[in-house]
Amino acid sequence: MKLKKILLQLGLLLAFVGVGQFVNLTNATAASLPSGSTAVSLTDGQVYQTKSPGTTVDGGSNYYYTTKTYPTIIGVAANGVDATTHRLTTDTTKIYILFSDQIISNGTSYDAVYPAVMTYGGNSVATSMPKSLGSGKTVNMPNSYQEVDVNLSNLASIFSSGGYPKLYVGLQYKAGQMTSDQIASYYFGTFTRDATFKFSTPVTINSTAGSGSVNSSDTVVSGQATPNGTVTLTGLTDSVTTTADSNGDYSFDLAGKSLKQLGSSSTITVTQSNKLGDSDSVTAKVMDTVPLTITPATSSLTVSPDDWDTYIAGKSSSDIANWLASQAGLSVTKQDSTTPLTTGTDGDGLAFDTTDDTSLTGTIAGGTQDVAINASDTAGDKSTTPATISVTRGAGLLQFTTADMGTMVFGNKDGIAVPSQETLIAPGSYQVGISDTRAAESTWSVTASATDMVASDGSGRTLSGHIVYENGSGTKSPLDGDKPVQVASGTRASGTTTTDIAKNWTQNSNSYTGSTSVPAGVYLDANPDIYAVGGAYGYHGTITWALSDAPGNP
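Rules behind the numbers
Residues numbered from 1 in each chain as written. Predicted model: local features only at pLDDT ≥ 70, side-chain atom pairs only at ≥ 80, totals over all residues. Heavy atoms only, no water. Helix = DSSP H or I, 4+ residues; strand = E, 2+ residues; numbered from the N terminus. Rg over C-alpha atoms; globule rule 2.2 N^0.38 Å. Buried < 20%, exposed > 50% of the residue type's maximum accessible area, 1.4 Å probe, protein only. Lys, Arg positive; Asp, Glu negative; His and termini not counted. Charge placed at Lys NZ, Arg CZ, Asp CG, Glu CD. Core = buried A, V, L, I, M, F, W, Y, C linked by side-chain atoms within 4.5 Å. Contact = heavy atoms within 4.5 Å. Phe/Tyr/Trp six-rings, centres within 6.5 Å; stacked < 30°, edge-to-face > 60°. Pairing = 2+ DSSP bridges. Salt bridge = Lys/Arg side-chain N within 4 Å of Asp/Glu carboxyl O. Axes fitted to C-alpha atoms, helices over the stretch in contact; angles between N-to-C directions.

1. Observations concerning the overall build of the protein
Point 1. On a plain count of helices and strands, the protein comes out with 5 helices and 39 strands.
Point 2. A compact globule built from 554 residues would reach a C-alpha radius of gyration of about 24 Å, whereas the protein, at 48 Å, exceeds it by more than 25%.
Point 3. Principal-axis analysis of the C-alpha atoms gives the protein an extent of 180 × 50 × 40 Å.
Point 4. A burial count over the protein gives 39% of its 554 residues as buried.
Point 5. Positive and negative charge centroids in the protein, built from 28 and 45 side chains respectively, lie 24 Å apart.

Now the structure itself:
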């Protein structure tokens, strides 16, 4: 009897061991990796870290300790992983979990048990409800990878959030005594970012208010990041994402809206991230400023060559902008105010600037360039929308000051005595004025030609003589010859726009004969056989003056 009892107990013990081996061998046969996936549970610890034994997800709950035995995870795989590091990426849309053993309740039946990929608090990243692993008081784990469809587009946010920057891999379940809004979350491993990773270029924000700050009136946020990287601006009502260019420069154009208008409070943050969820951030303080509005009195200007040389060429962007603002009559007001701001230290410190100065100074004579001008004041307020002035670089004009040169009278008002020999007779007072607003050192020349002098008594008699130009050096040229005679030439002097070419010519009505030295000027060259026209009659003719922008003959 004693021996029989011992054998019976041994038999029971052997039976128990046999059952135990059966349970432990559940899923012992290696499951096949799903198509398109890569195993990640056996790679570098920065990718996937096993939690053994498993436990409740941080911030989650197991609700009344309804479970006494949990399964384990013996494999994790995913699609869209990085080929080098086997890390999850934003391209990952499926994570596969291979469980082992069973989940056994404390007596309450499970309504459903699901594979799960979660963030803090048990918040699922699944895009659809995973297939249930089973229900009842005991649920045996299937011998295959269980698929969880996920959205990891915000992977960088997950890996940088709060004190729990990780993805939890495990299961969730509902049990009888739980309310409809309760679900237990348990995990056996986590995905985390690589804490050793460093971007090639740290992200920065260009300061517009000094000391690393920006203005709440800014409508653009810019800076530097890793070339071609993803950059996100937060701190506004809605986040904004862009891509840095090949040089690493990024810019958030807020479509004319200021940071204040878009909901910024005291700071903004720019974060650069990659597909693996790595990220780094920089934060700038937002200085409370008020947008300025610019109203131009005129939207176009033509700048003379003199003004161009004085106020544009070789000047700084602020010098150019401030001068153009004064010429265009720019009026600047603060938001909700109609009082124009004033310049100078005794006023509002209103100042103007532009980034179009290089384009403007490169404009050729006669060309036009749009110049965007922004305003700021000593309070740190700035314009949100620039005033655009169409600026034409004037070529200037070369012209006579009057279309009618008036009447040139030779001799005195009582007439001219018939000369006994060839005589040069000077006219009375007259002017031949030139206006030249072209660039300094521009050249010009004047020629003159004359018709024959004809008697005014109706006889048609032609004067015996000519209208001539005497150069003051003894050279006398008839103006009624075959071609016009050059009578003056010159070069435009800086600061001088008008010239009277007859100013230094003889205008005294005097007569010159013989070897007498004759001053420069236009004369009537009268012969001794001149026919005298009596009474109020005399001789008349026309002198034609021609102005050219070509240099004169030496």
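The structure having been displayed, the exposition proceeds.
2. A short note on the nonpolar core
Point 1. Ranked by internal contacts, the top residues of the largest apolar core, which has 36 residues, are Leu88, Ile103, Leu167, Tyr173 and Phe191.
Point 2. Secondary structure elements with two or more residues in this core: strand 4 (72-78), strand 5 (94-100), strand 7 (110-119), helix 2 (155-158), strand 12 (166-175) and strand 13 (184-192).
Point 3. Considering every element that reaches this core, the biggest residue donor is strand 12, with 5 residues.
Point 4. Excluding residues that lie within four positions of it along the chain, Leu167 makes contacts with Leu88, Val117, Met118, Thr119, Val125, Leu152, Leu155, Ile158, Phe159, Gly189, Thr190 and Phe191.

3. Digging into the packing of aromatic side chains
Point 1. One pass over the full model with this rule turns up 12 aromatic pairs.
Point 2. A centroid spacing of 4.9 Å and a plane angle of 75° characterise the contact between Tyr168 and Tyr187, whose relative ring orientation is edge-to-face. Of this pair, Tyr168 sits in strand 12 while Tyr187 sits in strand 13, and the two are 19 residues apart along the sequence.
Point 3. On the accessibility criterion, Tyr187 (7% relative accessible area) is buried.
Point 4. A connected cluster of aromatic rings, assembled from ring pairs, spans Tyr70, Phe99, Tyr186 and Phe188.

4. Points about the pairing of strand 4
A regular strand carries its side chains on alternate faces of the sheet.
Point 1. A large share of strand 4 lies buried, amounting to 5 of its 7 residues.
Point 2. As defined by bridge partners, strand 1 (residues 38-39) adjoins strand 4 across 2 bridges and the pair is classed as antiparallel. Counterpart to Ala39 in the pairing with strand 4 is Ala77.
Point 3. Here strand 4 pairs with strand 5 via 6 bridges, running antiparallel. Residue pairing in the sheet places Ala78 in a bridge with Ile95 of strand 5.

5. Topic: helix 3 (residues 305-312)
Point 1. Turning to helix 3, its buried residues number three or more, namely Pro305, Asp306, Trp308 and Ile312.
Point 2. Contacts made by the buried residues of helix 3 are with strand 22 (300-303), helix 4 (317-328), helix 5 (357-361) and strand 26 (387-393).

6. Notes on unusual backbone geometry
Point 1. Its identity is not glycine, yet Glu441 carries a phi of approximately 75°, on the positive side.
Point 2. The topology assignment puts Glu441 in the loop between strand 29 (433-436) and strand 30 (443-450).
Point 3. When its relative accessible area of 59% is taken as the criterion, Glu441 is described as exposed.
Point 4. One non-glycine residue with positive phi stands out, namely Ser509, at about 65°.
Point 5. You can see Ser509 is positioned in the loop between strand 35 (498-500) and strand 36 (511-513).
Point 6. The partly exposed category is assigned to Ser509, whose relative accessible area is 24%.

7. Comments concerning the pattern of salt bridges
Point 1. Summed over all chains, the structure comprises 12 salt bridges.
Point 2. For Asp278, the salt bridge goes to Arg87, with nearest N and O atoms at 2.8 Å. Here Asp278 is found in the loop between strand 19 (267-273) and strand 20 (279-287), whereas its partner Arg87 is found in the loop between strand 4 and strand 5, with 191 residues between them in sequence.
Point 3. The buried category is assigned to Asp278, whose relative accessible area is 0%.
Point 4. With a relative accessible area of 6%, Arg87 lands in the buried category.

8. Things to note about the environment of Val139
Point 1. One can find Val139 in strand 10 (residues 138-140).
Point 2. Taking the C-alpha atoms as reference, Val139 lies 41 Å from Ser273; in sequence the two are 134 residues apart.
Point 3. Setting aside residues up to four positions removed in sequence, Val139 forms contacts with Asp101, Gln102, Ile103, Tyr110, Val113, Leu133 and Gly134.

9. Describing the sheet that holds strand 22
Point 1. Spatial ordering of the open sheet is given by 22-26-25-24, a layout of 4 strands whose pairing is mixed. Two strands bound the open sheet, and with one partner strand each, they are strand 22 and strand 24 (351-354). This sheet shows a mean twist of 35° between the axes of neighbouring strands, independent of strand direction.
Point 2. Bridge count for strand 24 against strand 25 (residues 368-376) is 4 bridges, and the pairing is antiparallel. Paired with Phe352 across the bridge in strand 25 is Ala375.
Point 3. With respect to the sheet, helix 3 is in contact with strand 22 and strand 26, its orientation differing from that of strand 22 by roughly 100°.
Point 4. Together, strand 22, strand 24, strand 25 and strand 26 form the strand contacts of helix 4, whose direction differs from that of strand 24 by roughly 115°.

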